[in-house]
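What follows is the residue order along each chain.
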Amino acid sequence: MSLPPLQSNPVLLMRFAPKASRDLIRCVINRLTQGGIIVVISENYEAEGKNAVHNSGEERPVVLGLTATQEFLENEAEIVNLIKPSRTNHEYIKFVMEHFTVASRGNFINAAKDLEEHAKKKKWWRKEATSEYDSDGLFTHAERAMLLESMLNFLPVLDNMDESSDLSKLFDTMGISYRVSGNMIKSMAAKIHVKKASFSSSTTSLCQVLKTHGIVDVVCPVHIPHIRSKIERKTFSFISPPPLKAIRDYYGEAVAFYFAWMHHMTVWFVIPGGLGLFVFLLRNFRGETIEDCDFTPLFGIVTFFWAILCVRFWERKEARLSYKFGTFAFTTQDRVKFGQRPNFEGKMRLNPITGKMEKYYPAYKRGIKVVASALVTIVLLAGASVIMVISLNVQGYISQEDQERWDPSGENAHPLYFPWFASMADEGGIFDTNSYWKSMVPALLRAVAVTTMNKQYSKIAEQLSEWENHETLVDHENSLILKRLLFETFDAYIILFYLAIYERNITMLRAELVGAFNVDSFRRLFTESILPYIKRRFTIKKSSGKSKKQDDDLAGSGILTVEAGLAEYDQFDDYIEMLIQFGYVTLFASAYPLASFIAIFGNICESRSDAWKLGHLYRMPNPVRRSDIGTWKLALRVMVWTSALTNCLLFAFTSNQMQQWLPSNFTTDSFGRPMLVSENAHETVLIMFAIEHALFLIGLFVRSLVDKTPQDVVIEIEKRQWLHESNLAKARLHSTKAIDSRGQEKKAD
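Throughout this document, residue positions are counted from 1 along each chain, in the order its sequence is written. It should be noted that, the model being predicted, local features are given only for residues of pLDDT at least 70 and side-chain atom pairs only at 80 or more, the latter also being counted only at that level, while totals for whole chains, interfaces and linings use all residues. Side-chain measures here rest on the full set of heavy atoms in the structure, leaving out hydrogens and waters.

## Comments concerning the packing of helix α11 (residues 270-285) against helix α12 (residues 296-325)
At a closest axis distance of 11 Å, the pairing of α11 and α12 adopts a crossing angle of 180°. Taken together, α11 and α12 sit at an angle that is classed as roughly antiparallel. Across from Ile271, Pro272, Leu275, Gly276, Val279 and Arg283 in α11, the residues of α12 making contact are Thr296, Phe299, Val302 and Trp306. Amino acid classes used here: Ala, Val, Leu, Ile, Met, Phe, Trp, Tyr, Cys and Pro are nonpolar; Asp, Glu, Lys and Arg are charged; the rest, including Gly, are polar. When grouped by side-chain class, the residues that make up the contact of α11 with α12 number seven nonpolar, two polar and one charged. Fitted lines through C-alpha atoms serve as axes, helices being fitted only where they are in contact, and the angles separating the N-to-C directions of these axes extend from 0 to 180 degrees. The secondary structure listing takes helices from DSSP runs of H or I that are at least 4 residues long and strands from runs of E that are at least 2 residues long, numbered from the N terminus. Note on angle classes: values under 35 degrees are labelled roughly parallel, values over 145 roughly antiparallel, values of 65 to 115 roughly perpendicular, and the remainder oblique. Any two residues whose heavy atoms approach within 4.5 Å are treated as being in contact.

## Here's the deal with helix α22 (residues 571-587)
Between the first and last C-alpha of α22 there are 24 Å, a value that for 17 residues agrees with the 24 Å anticipated at 1.5 Å per step. The buried fraction of α22 amounts to 16 of the 17 residues, a majority that puts the element mostly inside the structure. Throughout this description, a polar contact denotes any pair of N or O atoms lying within 3.5 Å of each other; where both atoms belong to protein, one of them has to be capable of donating a hydrogen while the other can accept it, and for residues adjacent in sequence the pair is counted only when both atoms sit in side chains. You can read the cap of α22 off the contacts: a side-chain oxygen lies 3.1 Å from the backbone nitrogen of phenylalanine 572, and it is on aspartate 570. By this rule, a helix spans an expected 1.5 Å times one less than how many residues it contains. Any residue under 20% of the maximum accessible area for its type is buried, any over 50% is exposed, and the rest in between are partly exposed; the area is computed with a 1.4 Å probe on protein chains only.

## Description of the pattern of salt bridges
Counted as salt bridges are all cases of a side-chain nitrogen of Lys or Arg within 4 Å of a carboxyl oxygen of Asp or Glu. Summed over the entire model, instances satisfying the criterion amount to 29 salt bridges. The shortest N-O distance in the salt bridge between arginine 312 and glutamate 315 comes to 2.9 Å. Placement of both arginine 312 and glutamate 315 in helix α12 is noted, with a separation of three residues, approximately one turn of the helix. Taking relative accessible area as the criterion, arginine 312 reaches 11% and is therefore assigned buried. Glutamate 315 gets classed as buried once you look at its relative accessible area, which sits at 2%. One salt bridge connects glutamate 315 with arginine 637, and the closest N-O pair in it is separated by 2.6 Å. One end of the pair, glutamate 315, is in helix α12; the other, arginine 637, is in helix α24 (residues 631-654), with 322 residues separating them in the sequence. When salt bridges with common partners are traced through the structure, they connect Lys84, Glu143, Lys245, Arg248, Asp249, Glu253 and Arg625 into a single cluster.

## Quick look at the packing of helix α14 (residues 363-394) against helix α17 (residues 436-468)
The relative placement of two packed helices is expressed as an angle between their axes plus a distance between the axes. It is at 11 Å that the axes of α14 and α17 come closest, and there the two elements cross at 175°. What the angle tells us is that α14 and α17 run roughly antiparallel. Split into classes, the residues belonging to the contact of α14 with α17 amount to 16 nonpolar, three polar and four charged.

## Here we look at the environment of tryptophan 268
Here tryptophan 268 is to be found in helix α10 (residues 253-268). Given the relative accessible area of 16%, tryptophan 268 is considered buried.

## Some thoughts on the confidence of the model for the protein
Regions with low pLDDT should not have their predicted coordinates read in detail. Counting all residues, the mean pLDDT for the protein is 81, and 83% of those residues have values of 70 or more. Confidence of the predictor at the level of single residues is captured by pLDDT, which takes values from 0 to 100. The low-confidence segment residues 182-201, where pLDDT is below 50, has 25 contacts with residues more than four positions distant or belonging to other chains. For residues 543-556, every residue scores under 50 in pLDDT, and the model assigns this stretch twelve contacts once sequence neighbours within four places are set aside.

Next up, the structure:
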């Protein structure tokens, strides 16, 4: 089945804020039309008087459905260097991933479909249902949306040859700035001895102006119901993996990589999950606890090597998917073309590579802003630390007992002990730790506090990343991810590290870990799918119970208005949950071996709920071209190598596990905690760090045994390179023959 006809169906929707006047919207529509963008639907634009206003008193926002001609999309695909499967004339190399050009479009028509069939026969990737393309078999829905958004983002306020227009006059009247500095243009033109008119435009992006000044608040792709339903049906199947090709072709590479990573983690959790279940059952059969089980440390070691291979094999899967998706050959220039931020600001300069004019912002200025952002984040983390210390006191993790251990004489106060807060957890207190229900209250309060802090910091992080002025969407997102990642992992792990390193109480650590892991798994499902679904059903039911007049008012909103009114999808929330889960499994493997087993079932439910919420609870995300999962992979590596140290600390000092192997090196203090025997303390510490260093070295060796890029992908890339060189050699030979022929003709004359 093909995609809906392009010129009669909207690909993107654009929603105007209620403050946008009809004259302004009319001028914007005219400018879009001049730029090759077709408005096929305009909801609420023609409404007048009462029809333009909701019964709530608010004016209905105007929503435009945008599309373009096939010719314009193909031109844009060539401009942004879109890589697509292409046929070749070579007998041995039937297909190659190549940059799309209009001149050679015949090689690309239906090539993707033919390559899918060819790949299935070769067993290059798992068999899936054939994706849906346009009538020429060129573009998917995600590619259509990405190309049209690129056209929209690079459409200037004024055409190159125009000095003014009705739209620019309206902007002037409203006091809206939209021009690049005229002096700068003249200065640069003089330096390279060209006319000002030869520059691409002296005005900024129309879309940027509209978003910056709050005239347009939503630009996103439009759902195609039958494709969305097909993806959901295949994702909900328990016997097959998620349809990554279909997800990529509909939602784009960024969403496809997330589902691929989740499926990869779910499959790989089977190994530590089965082993953890075995250790749990064995420990219960032998009547041992987490403290004195001599098999648990071995589980921590196995989990470390498992994590190394898990991340390494994910890198291999990334390489295969990036080749399959056509994002393996991304250059800096490609990233800018595909995802330059409309809000990026800079001075005009001559690009030293392409020789074209471009916006430029010095790296050292951005570096200064990044350092300033880091200082702000550190200050906010200090504030979050205060909240966590109070939580430790009211939950009973820091008590009078800690003060006595710190200084039995009582002369020096424990730096983290606050008697007033700690007394709340005492017997008879409002958060009595001996009462199951009372002890749950501070944990719930902490969860609310953490959620609130994360939400507020996400807004601050967005402002800081915007202030840093990154050029591309990918760089902006990576900067934002890094900030939020540091903050949210700090909130998730700080108490666990306190219990493991300072308290050295594995029983308390395990209790906190079990509670955090299990509650977080349920919270994810409830807050992301169940609660939004209930809210939506309640809203629909509430609307259906109103008067017929109100029902008619609701019906007056078209499908685009309904889609534009949905919440914006934030992929960060899905990634951070998976990352924190990975940290629970790896960083504290010796404390909770059963975590990975439970994670399998949690991820199975999570992938289904994510596919459903993506199609029904959120606006369709704008496609983002990616070759990997970016900053998240770096975070995975950090966690893997850190887990070698944390599990060794759990083994040696937090529990009695090392004491089972070296009983003569340990004793027990008056509080029941393991203590090193002073005579051979250095020997024990040396053994612990020797194990940790050995894990590092062996881990590096194991990682080096597995190539980052699969051999079949390397072969395909080398075929492409060889074909390029072969074609170039033929072109040189043809040029040489042509020159010789002309020389002989001159001699004959």
